[in-house]
Amino acid sequence: MSVGISIKNALKKYGENTIIPDLSIEIRDKEFFTLLGPSGCGKTTLLRMIAGFNTIEGGEFRFNEKLINEMEVSKRNIGMVFQNYAIFPHYTVRQNVEFGLKNRKLPKDEIRMATDEFLELMQILEYKDRMPERLSGGQQQRVALARALVIKPDVLLMDEPLSNLDAKLRMEMRQVIRDLQKDVGITTIYVTHDQEEAMAISDRIAVMKDGVIQHVGTPREIYHRPSNVFVATFIGRTNLIEADYSAADKLVSMDRFTFPMERLPVDSDMPVTLSIRPEDFQMSAMSASGKSGGLICRITDVVFLGLNTHYQVELSSGQLIEIIHESVMDSPFKIGDEVQLTLKSEKINIFTRDGSRNLIHA
Amino acid sequence: MRKKYDIWSLVTLSVLGLYAIFLIYPLFNLLSQAVVDKDTGTFTLAYFVKFFGKPYYFNTLLNSFKVTFGVTILTILLGMPLAYIFTRFEIFGKSFLRILIILSSMSAPFIGAYSWILLLGRSGVITTFFKNAFGIHFPSIYGFSGILVVLTLQLYPLIFLYVSGALKNVDNSLLEASENLGCSGMKRFFIIIVPLIGPTLFAGGLLVFMRSLADFGTPMLIGEGFRTFPVTIFNEFISELGGDDGFAAAISIIAIIITTIIFLVQKYLSTRKTFSMNSMNKIRPVKARGLTKVLIHVYSYALISLSIMPQVYIIYTAFRKVNGTVMVPGYSLGNFSDAFEKVGRSISNTIIIPGISLIIIVILAALIAYITVRRRNILTGIADTVSMVPFIIPGSVVGITLLIAFDKPPILLSGTMTIMVIGLVLRRLPFTIRSSVAVLQQIPMNVEEAALSLGSSKLNAFYKITMPMMAAGLISGAILSWVTMISELSTAILLYVGRTKTLTVEIYTQIIRGNYGIAAALSTILAVLTLISLLIFNKVSKGDDLSM
Ligand SMILES: Nc1ncnc2c1ncn2[C@@H]1O[C@H](COP(=O)(O)OP(=O)(O)OP(=O)(O)O)[C@@H](O)[C@H]1O
Ligand SMILES: [Mg+2]
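By convention here, each chain's residues receive numbers from 1 onward along its written sequence. Each chain takes a letter, starting from A, and each ligand takes a number, starting from 1, following the order in which they are written. Local features in this predicted model are restricted to residues whose pLDDT is 70 or higher, and side-chain atom pairs enter the listing and the counts only when it is 80 or higher, whereas totals over whole chains, interfaces and linings include all residues. Hydrogens and water molecules were not included; the side-chain quantities draw on all heavy atoms of the structure.

A. Geometry of the overall build of chain A. Each helix corresponds to a stretch of at least 4 residues labelled H or I by DSSP, and each strand to a stretch of at least 2 residues labelled E; elements are numbered beginning at the N terminus. Secondary structure assignment for chain A yields eight helices and 20 strands. Along the first, second and third principal axes, the C-alpha set of chain A runs to 85 × 50 × 35 Å. By sequence separation, contacts in chain A at least 24 residues apart represent 65% of the contacts at least 6 residues apart. Where accessible areas are quoted, they stem from the Shrake-Rupley method and a 1.4 Å probe; at the residue level, only the protein chains shown are allowed to cover. In the structure as shown, chain A presents an accessible area of about 16,800 Å², 50% of it carried by carbon and sulfur atoms. Under the counting rule used here, the positive set is Lys and Arg, the negative set is Asp and Glu, and His together with the chain ends is not counted. A charge is said to be at NZ when it belongs to Lys, at CZ for Arg, at CG for Asp and at CD for Glu. Looking at charge distribution, chain A has the averaged site of its 44 positive side-chain charges lying 5 Å from that of its 50 negative ones. The contact definition used throughout considers only heavy atoms, calling two residues in contact when any of these lie within 4.5 Å.

This is the structure:
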């Protein structure tokens, strides 16, 4: 079944505290949609509103056209995977997976077949008669997934399902989840605060802060054209530099350095904030003449990390900038060197000075 | 916006309804008895004036305080070091001693009192032996000191159990850190350990306080002229000369007010000083050496032998030959056959009445724990508070309260088994609810949510998922309740009629009548029942803490 989720003007309060003031999103059928945001921003709260565990103080939640605000949890046909897996400890693996099917009063052999199918799919068939306490974290995770999927839910909800696993297993399971989601073709909402995980796994990501969605888009859009400074700093690393835009000659000037910016749809001069990712600087030695077309600065720190080398440089204004270059055999730069920077100007983002709006429209 | 009412709202309302009928209504009845003049129907404080005006009555209050404070302090002084020794050192025969400690606390105190009379009373075996052999006169076991000895030996195990539990949560690295910083031995015990276990100690102390304040059988048997509160309440109510309900009710009200104050003070003191501890590195018992080793063994064995002695002696006398009310040389099983023949009914009553109560208690406790943990709202909050109320009402007051309320229409229950069941359920529920709450708090909520999201109904999720996960905890709580209920006297002594006599009531009656043989036989049966229950408890709880 194909299910799109539509949320309009959702409102969530705990007592007097408004956690989610007014939130709207559309999640498409079969989409892998991720909620990403700092701790306490309301991701879990929103997810649990969709699942039916939290009350909804206002707004409309719909699966396709159907309003679900008042619907019982057990009627929503949702598959849910919890952070701590929530495996029933007194049931075997098989009984755990069968549980939802039994509640649906399906015939016995159908239950058996469906259960076997998903145990097989999740590669835990051999553990089917074990008690959960004798499973590893990754295996428990697979049981939780099988249990959530075997009921053929309309929607799959996952709240930080991988956060209890070690780094290596996390990478492995995230691929398992991704493949499974595409195979089964199920609309999925995934919560995480690991941005790399979000990028790797999602069709689209919603970045949240304080209960407000800051940006919805594909991982690429969000990384390259963040809608505001919060998103730019939350996803990946970036340098924020204050500058001024002059509309007449379409120039951006900062710290005794000026570069042309043709694409800015702005008609008047205004102060702006630039967001430049560390890998978008090019660093070169000062030319012998001392004249340059770049931003002049001095290296204050060099950290070698294998694949890349991180540089910290100081502008003449005193501001520190982070730069990442691919490592080379013999590093030409060392602490104390004066260097000049040039920019990959098409990758720069320019925000209003307060950082609330991206002036470049993608 | 979402529907506010579900099956749990219904449960909450039913629970509140039950409490309204069986607790609130009787309590208001009690209050009105105490402040309304029976003849004129007007408001009066005459009963209270009478109580505080006459030293005869007022002194019983002072007496009770002497006993309770004395017992509480002594139990702490005896129980806390024992718990520390048991946690910190290896003791020869520790697990056996542990069972003895628990066993000695689980019997009815008045049986202990009775046994001490047989040992140290006017014609007690020890007294007589010393008098005949050496001409030494033992100090009297009757009166204040006797009550103090009996109740202390009976109740220090509570402190022992509470403190042992708390010490389990003290991380050994705290002790090591303290030693590393130059503080060890006794100093460390008082500076580090006592403050950490303080709140638990308070809680245990409160329980001892409540039990000793409410205990009726001990002062009745051994107090002689030294009358305490429950004795007075009982006498005024049951008095041969036609008891005075109003006056008994007034005394009951005073009792409730006192226990409430004590309870609130304890609560205030311990919430201010609670630490959350989670011990990764438990204190491991070490081998003691030299003098320490000798001292701790002497202390443990002496204390525990003293406390188990009355039980052992009673069991011994059960097998003695008895002629009428006098013991004669020789041994037989005659006491047991007499007991089964004459008062066998009390044995079956002791299975049936606490049995039925237990079923009700387990179900109600599971439901109430559930609504108070998982469905927090104003109504469940009220249910939670109300369910704790009986904790601070002394047992004999519960008895009187129920009798006054239910020996007249609209609800006529006096003389039935039902009223005894109600009494037991009311008194025992607070404990079982607490332990169920603790169990429930260990179970993550989203296990149940997982069940809901898999299409299970709320009730189904409770029965299939939450209940089984609570089961072990519920069952061990239930066994403890059971043990306490079969040795309960102070409520039963007020509520029983001939048909509904329980073992403890029968034992008490037989002691009063001087049928020592039958009394001892019945006590032995009770002890065996208790022992079996405790062994089952040990199996079920896999060595978990006992908490009352
Ligand atoms: N039951 C509750 N009662 C009151 N406030 C709550 C409750 N649950 C959550 N909150 C508050 O709502 C806000 C959002 O919490 P939520 O759990 O949704 O955050 P989150 O984005 O999932 O964070 P994390 O990444 O840490 O899991 C927090 O400020 C939290 O304190
Ligand atoms: Mg969360």
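On we go.
B. Geometry of the packing of helix α4 (residues 94-106) of chain B against helix α7 (residues 144-168) of chain B. Residues and elements named next belong to chain B. At a minimum axis distance of 7 Å, the contact between α4 and α7 shows a crossing angle of 130°. When the axis of α4 is compared with that of α7, the two are oblique. The way α4 lies across α7 gives a crossing that is left-handed. On α7, the residues that touch Arg98, Ile101, Ile102, Ser104, Ser105 and Met106 of α4 are Gln154, Tyr156, Pro157, Phe160 and Leu161. Of the residues assigned to the contact of α4 with α7, the class counts are seven nonpolar, three polar and one charged. Under this scheme, a helix contributes an axis fitted over its contacting stretch, all axes are lines through C-alpha atoms, and angles between N-to-C directions fall in the 0 to 180 degree range. Angles below 35 degrees are treated as roughly parallel, those above 145 as roughly antiparallel, those between 65 and 115 as roughly perpendicular, and all remaining angles as oblique. Crossing chirality is assigned from the near helix's rotation relative to the far helix, an anticlockwise turn below a right angle marking it left-handed and a clockwise turn marking it right-handed. All amino acids are sorted into three groups, where Ala, Val, Leu, Ile, Met, Phe, Trp, Tyr, Cys and Pro are nonpolar, Asp, Glu, Lys and Arg are charged, and the leftover types, Gly among them, are polar.

C. Representation of the packing of aromatic side chains within the structure. Working definition: rings of Phe, Tyr and Trp (its six-membered ring) pair if their centres are within 6.5 Å, and the pair is stacked with planes under 30 degrees apart, edge-to-face with planes over 60 apart, and tilted otherwise. Taken as a whole and judged by the stated rule, the model has 36 aromatic pairs over all chains. Relative to Tyr91 of chain A, the ring of Phe88 of chain A has its centre 5.8 Å away and its plane inclined at 85°; by these criteria the two rings are edge-to-face. Only protein chains enter the accessibility calculation, which uses a 1.4 Å probe; a residue is then buried when its area is under 20% of its type maximum, exposed when over 50%, and partly exposed in between. Its relative accessible area of 14% is what places Tyr91 of chain A among the buried residues. Aromatic pair Tyr313 of chain B and Tyr316 of chain B: ring centres 5.8 Å apart, planes at 40°, arrangement tilted. A residue pair is termed a helical-turn pair when its members lie 3 or 4 positions apart in one helix, as Tyr313 of chain B and Tyr316 of chain B do in helix α13 (residues 290-318) at three residues. Overall, Tyr313 of chain B belongs to the buried group, its relative accessible area being 13%. Relative accessible area serves as the criterion here: at 35%, Tyr316 of chain B is assigned to the partly exposed category. Pairwise contacts between aromatic rings join Tyr47, Phe51, Phe52, Tyr56, Tyr57, Phe58, Phe229 and Phe247 of chain B into one cluster.

D. The arrangement of the site of ligand 1 in detail. Residues and elements named next belong to chain A. Distances are taken per atom, and a residue is near a molecule or strand as soon as one of its heavy atoms is within 4 Å of it. Taken together, the residues surrounding ligand 1 are Tyr14, Ile19, Ser39, Gly40, Cys41, Gly42, Lys43, Thr44, Thr45, Glu160 and His193. Throughout this description, a polar contact denotes any pair of N or O atoms lying within 3.5 Å of each other; where both atoms belong to protein, one of them has to be capable of donating a hydrogen while the other can accept it, and for residues adjacent in sequence the pair is counted only when both atoms sit in side chains. At 3.4 Å from an oxygen atom of ligand 1 is found a side-chain nitrogen or oxygen belonging to Glu160. At 3.1 Å, a side-chain N or O of His193 approaches an oxygen atom of ligand 1. Bound to the protein, ligand 1 loses 57% of the 640 Å² it would expose on its own. Of the residues assigned to the shell around ligand 1, the class counts are three nonpolar, six polar and two charged.

E. Representation of α7 of chain B within the structure. Residue and element names in this part refer to chain B. With 25 residues, α7 should cover 36 Å at 1.5 Å per step; its first-to-last C-alpha distance of 36 Å lies within 8% of that length. The term bend refers to the angle at a residue between two fitted axes, each drawn through seven residues, those ending there and those starting there. At Leu153, α7 shows its largest bend, some 35°, and a proline, Pro157, comes one to four positions later. The buried count for α7 comes to 20 of 25 residues, which makes it a mostly enclosed element. Here the expected length of a helix is defined as 1.5 Å per residue gap, with one fewer gap than residues.

F. Expanded view of the nonpolar core. Only buried Ala, Val, Leu, Ile, Met, Phe, Trp, Tyr and Cys residues count toward a nonpolar core, and they belong to the same one when joined by side-chain atoms within 4.5 Å. Residues Tyr19, Phe86, Phe110 and Leu522 of chain B are the most contacted members of the largest nonpolar core, which totals 172 residues. The element contributing the most residues to this core is helix α14 (residues 334-374) of chain B, with 15 residues. Residues within four places of Tyr19 of chain B in sequence aside, it is in contact with Ile24, Ile368, Val386, Ser387, Leu426, Leu429 and Ile433 of chain B. The next biggest cluster of nonpolar side chains, apart from the first, holds 76 residues, and it includes Ile7, Phe33, Leu46 and Met71 of chain A.

G. Summary view of the sheet that holds strand β11 (residues 239-246) of chain A. All names here are of chain A. Strand order in the open sheet formed by five strands is β13-β12-β11-β14-β20, and the pairing between neighbours is antiparallel. Each edge of the open sheet is held by one strand with a lone partner, namely β13 (257-260) and β20 (349-352). For this sheet the average axis-to-axis angle between neighbouring strands, irrespective of direction, equals 35°. We treat two strands as partners when DSSP finds at least two bridges between them. The pairing of strand β12 (residues 251-254) with β13 spans four bridges and is classified as antiparallel. Within β13, the position partnered with Met254 by the bridge is Phe257.

H. A look at empty space enclosed by the protein. All names here are of chain B. A cavity, in this analysis, means grid points on a 1 Å lattice covering only the protein atoms where a 1.4 Å probe fits yet has no way out; a pocket is instead an open set bounded by protein on both sides within 12 Å along at least five of seven lines, and a residue lines either one if it has an atom within 4 Å of a point. Grid points are joined across faces, edges and corners, and a volume is the space filled by probe spheres set on the points. Under the counting rule described, the total for this entry stands at nine cavities of 30 Å³ or more. Forming the walls of the largest cavity are 34 residues, and the residues nearest its centre are Arg211, Arg427, Thr484, Glu488 and Ser490. Mapped by element, the contributors of at least two residues to the lining of the largest cavity are α4, α5 (109-120), α7, α9 (185-214), α17 (417-441) and α19 (458-486). Looking at the lining of the largest cavity element by element, the count peaks at six residues for α9. Considered class by class, the residues forming the lining of the largest cavity number 19 nonpolar, 10 polar and five charged. Here the second largest cavity defines a volume of roughly 110 Å³. Taken together, 14 residues make up the lining of the second largest cavity; nearest its centre are Met420, Leu424, Glu488, Ala492 and Thr502. Breaking the lining of the second largest cavity down by element, the ones donating at least two residues are α14, α17, α19 and α20 (492-495). The class makeup of the residues in the lining of the second largest cavity is eight nonpolar, five polar and one charged.

I. How the structure looks around the side chain of Arg178 of chain A. Relative to the helices and strands, Arg178 of chain A resides in helix α5 (residues 167-184). Using a relative accessible area of 18% as the deciding quantity, one classes Arg178 of chain A as buried.

J. Quick look at the sheet that holds strand β5 (residues 66-67) of chain A. Strand order in the open sheet formed by four strands is β2-β1-β4-β5 (chain A), with antiparallel pairing between adjacent strands. Strands with a single pairing partner mark the edges of an open sheet, and in this sheet they are β2 (17-27) and β5 of chain A.

K. The pattern of salt bridges, seen in detail. Residues and elements named next belong to chain A. The salt bridge definition used is simple: a Lys or Arg side-chain nitrogen within 4 Å of an Asp or Glu carboxyl oxygen. Applying the stated rule across the entire model yields 26 salt bridges over all chains. Where Asp29 meets Lys30, a salt bridge forms, and the shortest distance between an N and an O atom there is 3.3 Å. Residue Asp29 is classed as partly exposed on the basis of its relative accessible area, which comes to 32%. A salt bridge links Arg204 to Glu31; the shortest N-O distance between them is 2.4 Å. With Arg204 in strand β9 (residues 204-209) and Glu31 in the loop between β2 and β3 (32-36), this residue pair connects regions lying 173 residues apart in the sequence. Given a relative accessible area of 5%, Glu31 falls into the buried group. Here the salt bridges do not stand alone but share partners, grouping Arg94, Glu98, Lys102 and Asp116 into one network.

L. Main features of unusual backbone geometry. Residues and elements named next belong to chain A. For Ala86, which is not glycine, the phi torsion reads 50° and is therefore positive. Tracing the backbone through its elements, the reader meets Ala86 in the loop between β6 (78-81) and α2 (93-103). Classification of Ala86 as buried rests on a relative accessible area of 2%. Positive phi is not limited to glycine here, since Glu160 has a value of about 40°. Among the secondary structure elements, Glu160 is positioned in the loop between β7 (155-159) and α5.

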